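These are the residues of each chain, in order.
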Amino acid sequence: MLSSGVADGSGERLVWSQKYSVGVDEIDADHKVLIELIGQIDSAAAGSEAHAVIGTVLAALFDYTEYHFEREEKMMQTVGYTVLPQHKQKHDLLKSQVIEYLGRYSDDPNAVNIEDLSKFLQRWLSEHILKEDMGYRPLVENNPKAGEAAASVGIDFFMDVGRGD
Ligand SMILES: [Fe+2]
Ligand SMILES: [Fe+2]
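Residues numbered from 1 in each chain as written. Chains lettered and ligands numbered in written order. Predicted model: local features only at pLDDT ≥ 70, side-chain atom pairs only at ≥ 80, totals over all residues. Heavy atoms only, no water.

Peer 1: Can you walk me through the overall build of the protein in this structure?
Peer 2: Within the protein, the secondary structure is distributed over 7 helices and 0 strands. Going from N to C terminus, the protein has its helices and strands arranged as α-α-α-α-α-α-α. Residue burial in the protein is summarised as follows: out of 165 residues, 42% are buried. Nonlocal contacts in the protein, meaning residues at least 24 apart in sequence, comprise 78% of its contacts between residues at least 6 apart. Taken as a whole, the protein presents about 8,900 Å² of accessible surface, with 53% of it coming from carbon and sulfur. (Helix = DSSP H or I, 4+ residues; strand = E, 2+ residues; numbered from the N terminus. Buried < 20%, exposed > 50% of the residue type's maximum accessible area, 1.4 Å probe, protein only. Contact = heavy atoms within 4.5 Å. Areas by Shrake-Rupley, 256 points an atom, 1.4 Å probe, with all protein chains shown as cover.)

What follows is the structure, encoded as structure tokens:
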């Protein structure tokens, strides 16, 4: 079945492919997880427990996004990427936008248009990887320090955030 409404010219669901590779396995893996989580928003919208599932997916998406930004920023810092402050600003803006969506959604699930949210997130991630993340690629690919730095921000951080303690 075609996912209704998502087809508006910018079209079909975002899928990871080589053109999104930034040259560091850990970061590529994160981007795949984020794409997968965003894809689940659409799938959840069609289910009978849509509100509960979407709330859970949005919370997981926020946690994973925060974790991903953390390790990406650590990696950029390690390799001396001079555009880091501007890049971090874009991360921070997205985080605040997702928090706003989460707040609106928990106040009233009907107040958030899920198709719009899904399209916004897909477009944001696709453009961010291609235009912003690709900027650090020349510094990080084939650079063992980059992979080490990314790996040093582990999943523990994500789990801690997820537990909210
Ligand atoms: Fe980024
Ligand atoms: Fe990224």
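Peer 1: Any chance you could explain the coordination of the iron ion (ligand 1) here in plain terms?
Peer 2: Coordination angles at a metal have ideal targets, namely 109.5 degrees for four tetrahedral donors and 90 or 180 degrees for six octahedral donors. At this site the iron ion (ligand 1) is bound by E72 (OE), H87 (NE2), H91 (NE2), H128 (NE2) and D133 (OD), with donor distances of 2.0 to 2.2 Å. Sequence positions of the residues that donate to the iron ion (ligand 1) give the spacing E-x14-H-x3-H-x36-H-x4-D. If you look at the iron ion (ligand 1) and the iron ion (ligand 2), they sit 3.5 Å from each other and are both ligated by E72. Of the two residues, H87 sits in helix α3 (residues 84-107) while D133 sits in the loop between α4 (114-132) and α5 (137-140), which places them 46 residues apart along the sequence. Of the two residues examined, H87 and D133, each falls in the buried class. (Donors = N, O, S within 2.8 Å, 3.2 Å for Na, K, Ca; no water.)

Peer 1: Just checking my understanding: could you explain the coordination of the iron ion (ligand 2) for this structure?
Peer 2: Binding of the iron ion (ligand 2) to the protein goes through H31 (NE2), H68 (NE2), E72 (OE) and D133 (OD), at separations of 2.1 to 2.3 Å. Given 4 donor atoms and angles of 82 to 167° at the metal, the environment of the iron ion (ligand 2) is assigned as irregular. Of the residues examined, H31 reaches a relative accessible area of 0% and is grouped as buried. (Tetrahedral: all angles 85-135°; square planar, octahedral: opposite > 155°, others 65-115°.)

Peer 1: Please explain the side chain of S118 as it appears in this structure.
Peer 2: Within the secondary structure layout, S118 lies in helix α4. Excluding residues that lie within four positions of it along the chain, S118 makes contacts with I38, I41 and D42.

Peer 1: Teacher, can you tell me more about helix α6 (residues 144-152) here?
Peer 2: Owing to its 3.6 residues per turn, the α-helix aligns residues three or four sequence positions apart on the same side. Those residues of α6 lying buried are A146, G147, A149 and A150. Here the buried residues of α6 occupy an arc of 160° about the axis, which is enough to place them on one side. Among the exposed residues of α6, those pointing more than 90 degrees away from its buried face are P144, K145 and E148. (Arc of directions from axis to C-beta.)

Peer 1: I would appreciate a short explanation of α4 in the present structure.
Peer 2: Over its 19 residues, α4 extends 26 Å from the first C-alpha to the last, a length consistent with the 27 Å expected when each residue adds 1.5 Å. Of all the positions in α4, only I114, L117, S118, K119, L121, Q122, W124, L125, S126, H128 and I129 are classed as buried. By the N-cap criterion, in which a side-chain oxygen at the helix start approaches the backbone nitrogen of a residue two or three places on, α4 is capped by N113, the distance to E115 being 3.0 Å. (Expected span 1.5 Å × (residues − 1). Polar contact = N/O pair within 3.5 Å; in protein donor to acceptor, adjacent residues only side chain to side chain.)

Peer 1: So what exactly am I meant to see when it comes to the nonpolar core here?
Peer 2: Most often, soluble globular proteins keep nonpolar side chains buried together rather than apart. Core analysis: the biggest nonpolar cluster contains 44 residues, and M75, L125 and Y136 have the highest contact counts within it. At the level of elements, α1 (25-45), α2 (50-78), α3, α4 and α6 are the ones that each hand at least two residues to this core. Element by element, the count of residues in this core is highest for α2, at 11 residues. Among residues more than four places away in sequence, those in contact with L125 are L14, H31, L34, I35 and I38. (Core = buried A, V, L, I, M, F, W, Y, C linked by side-chain atoms within 4.5 Å.)

Scope: geometric values only; no functional claims are made or implied.
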